[in-house]
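Structural overview for review
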Amino acid sequence: MKVGFLGPKATFTELAVKKVFPGFELEPFRTIPESMDAVVSEKVEIAVVPIENTLEGTVNITIDYLTHVVQLPIVGEITIPIKQHLMVHPDNRENWQDVKKVYSHSHAIAQCHKFLHTQLNGIPYESVSSTAAAAKMVMDQPNMRVAAIANELAAEEYGLSIVQKDIHDFNHNHTRFFVLSEHKLDFEELSGSSHYKTTLMVTLPTDKAGTLHMVLSAFAWRKINLSKIESRPMKTGIGNYFFIIDLEMKLDEVLIPGAMAELEALGCGVTLLGSYPSKMIK
Ligand SMILES: O=C(O)C(=O)C[C@]1(C(=O)O)C=C[C@@H](O)C=C1
């Protein structure tokens, strides 16, 4: 089976892929939606996509594309530590503080705001399609005083010099990735994790007071632990939202189906996005 990911080589997404898909054929894509489209068009069987970072929160493009455009089952989750470094072309190593622009993925820039504000104050930054794309751009422009924020592997891959290590604003920086596939994939075996989560998408009936409270009660009295609840716009008008709810348990035959039926009885729309093993890489 072939695994699609946000490229080019040496993105954080590729790092996550390599942790659980060793020896698999990999195919990089220019954007996150393109990697998901590739599963739909059967160019690849699996896509790994970033979904949430500890410092910056949800990767909105992923959740929105997954809920509004493609309906791909979530079959696994990978969480990896994220270490951001500032890197330049080796020719600019000594005078890196004179950089005129910093490139990176918007989520990586957001993870390093404090560093950019204090160490490179006033220097413009530009978001590009991925951290590795930023590193590649810096390599391709040795005569421009530009820097990239990316990982260690990208520095190696594109021959850049790391001039400031660990520039992310807080120590505990992790990103979660979803594994999407329409194929049968034993992710429990691949990842070695039997810790399961289940993700639901819930829409509320319009303008009925207290519905969200009742939704939460359906999980609370069954003692189903929620690890995340997030609202995203339905894109149909101001004030119209749906909810993505992550449950800390595997889809069973009683509790989760019972909670889903209760939500439907309240007039909610409920879609199961997946029940999957979750692998935390230290
Ligand atoms: O640009 C990359 O290297 C990615 O894999 C994307 C991405 C993201 O979308 O959050 C993944 C992990 C890091 O949080 C920063 C960027």
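Residues numbered from 1 in each chain as written. Predicted model: local features only at pLDDT ≥ 70, side-chain atom pairs only at ≥ 80, totals over all residues. Heavy atoms only, no water.

Focus: the site of the ligand
The criterion, for reference: Throughout, near means a residue has at least one heavy atom within 4 Å of the molecule or strand. For this analysis, a polar contact is any N or O atom pair within 3.5 Å, provided that within protein one partner can donate a hydrogen and the other can accept it, and provided that sequence-adjacent residues contribute only side-chain to side-chain pairs. Note on areas: Shrake-Rupley, 1.4 Å probe, and residue coverage restricted to the protein chains presented here. Both site types are read off a 1 Å grid over the protein atoms alone. A 1.4 Å probe that fits but cannot get out defines a cavity, while an open set with protein on both sides within 12 Å along at least five of seven lines defines a pocket; lining residues have an atom within 4 Å of a point. Throughout, a molecule is located in a cavity or pocket provided that more than half of its atoms lie within 2 Å of its grid points. Nonpolar residues are Ala, Val, Leu, Ile, Met, Phe, Trp, Tyr, Cys and Pro. Charged residues are Asp, Glu, Lys and Arg, and all others, Gly as well, are polar.
With respect to spatial proximity, 13 residues lie near the ligand, and among them F12, T13, Q111, T131 and T175 are the closest. At 2.9 Å, a backbone N or O of F12 approaches an oxygen atom of the ligand. Q111 places a polar side-chain atom, nitrogen or oxygen, 2.9 Å from an oxygen atom of the ligand. Starting from 360 Å² of accessible surface for the ligand in isolation, the protein chains cover 100%. Here the ligand occupies the largest cavity. The residue inventory of the shell around the ligand, partitioned by class, reads four nonpolar, nine polar and no charged.

Concerning the confidence of the model for the protein
Applicable threshold: On a scale of 0 to 100, pLDDT captures the predictor's confidence in every residue.
Residues of the protein with pLDDT of at least 70 account for 100%, and the chain-wide mean is 96. Reported confidence for the predicted complex is 0.97 by ipTM and 0.96 by pTM.

Looking at the sheet that holds strand β8 (residues 125–127)
Here is the rule: We treat two strands as partners when DSSP finds at least two bridges between them. Only DSSP runs of H or I reaching four residues or more are called helices, and only runs of E reaching two or more are called strands; each is numbered from the N terminus. Each axis is a line fitted through C-alpha atoms, taken for helices only over the stretch in contact, and angles between the N-to-C directions span 0 to 180 degrees. Residues count as neighbours in contact if any of their non-hydrogen atoms are within 4.5 Å of one another.
Reading across the sheet, the five strands line up as β8-β7-β9-β6-β10 and stay open at both edges, with mixed pairing between neighbours. If you trace the sheet from one side to the other, it starts and ends with β8 and β10 (161–164), each paired once. In this sheet, neighbouring strand axes are inclined to one another by 35° on average, regardless of whether the strands run parallel or antiparallel. Relative to β10, strand β6 (residues 85–88) is paired through three bridges, and the arrangement is antiparallel. Across the sheet, L86 pairs through a bridge with Q164, a residue of β10. Running at roughly 155° to strand β9 (residues 146–150), helix α6 (residues 131–140) makes contact with β6, β7 (101–104) and β9 of the sheet.

Considerations on a nonpolar patch on the surface
Quick note on the threshold: Patch rule: a residue counts if its relative accessible area is over 30% and it has no salt bridge; like charges are joined within 9 Å, and nonpolar side chains (Val, Leu, Ile, Met, Phe, Trp, Tyr) within 5 Å. We define a salt bridge as a contact between a side-chain nitrogen of Lys or Arg and a carboxyl oxygen of Asp or Glu at a distance within 4 Å.
A contiguous nonpolar patch, built from L212, L216 and I229 and spanning about 200 Å² of accessible area, is present on the exposed surface. The topology assignment puts L216 in helix α9 (residues 211–220).

Considering the pairing of strand β3 (residues 46–53)
How we decide: Burial classes: relative accessible area under 20% of the type maximum marks a residue as buried, over 50% as exposed, and values in between as partly exposed (1.4 Å probe, protein chains only).
The element β3 is largely enclosed, with a buried count of seven among its eight residues. Relative to β3, strand β1 (residues 2–6) runs parallel, the two being bridged by three bridges. Looking at the pairing, G4 lines up with A47 of β3. Relative to strand β11 (residues 174–181), β3 runs antiparallel, the two being bridged by seven bridges. Residue pairing for β11: N53 is matched across the bridge by T175. In the sheet, β3 pairs with strand β4 (residues 57–58) via two bridges, with the strands oriented antiparallel. Each bridged residue has a counterpart across the sheet, and for N53 the counterpart in β4 is G57. Between β3 and β4, which pair antiparallel one after the other, the connecting turn spans three residues.

Considerations on the pattern of salt bridges
All told, the structure shown has 15 salt bridges when counted by the stated rule. Salt-bridge contacts for E52 lead to R176; the nearest nitrogen and oxygen are separated by 2.8 Å. A residue pair is termed long-range when its members are at least 10 positions apart, and E52 in strand β3 and R176 in strand β11 qualify at 124 residues. Note on E52: relative accessible area 22%, which makes it partly exposed. A salt bridge links E262 to R222; the shortest N-O distance between them is 2.8 Å. You can see E262 sitting in helix α10 (residues 255–265) and its partner R222 sitting in the loop between α9 and β13 (226–233), a full 40 residues away along the chain. Residues joined in a network through salt bridges with shared partners are E52, E77, R176, K197, K228, E230 and D246.

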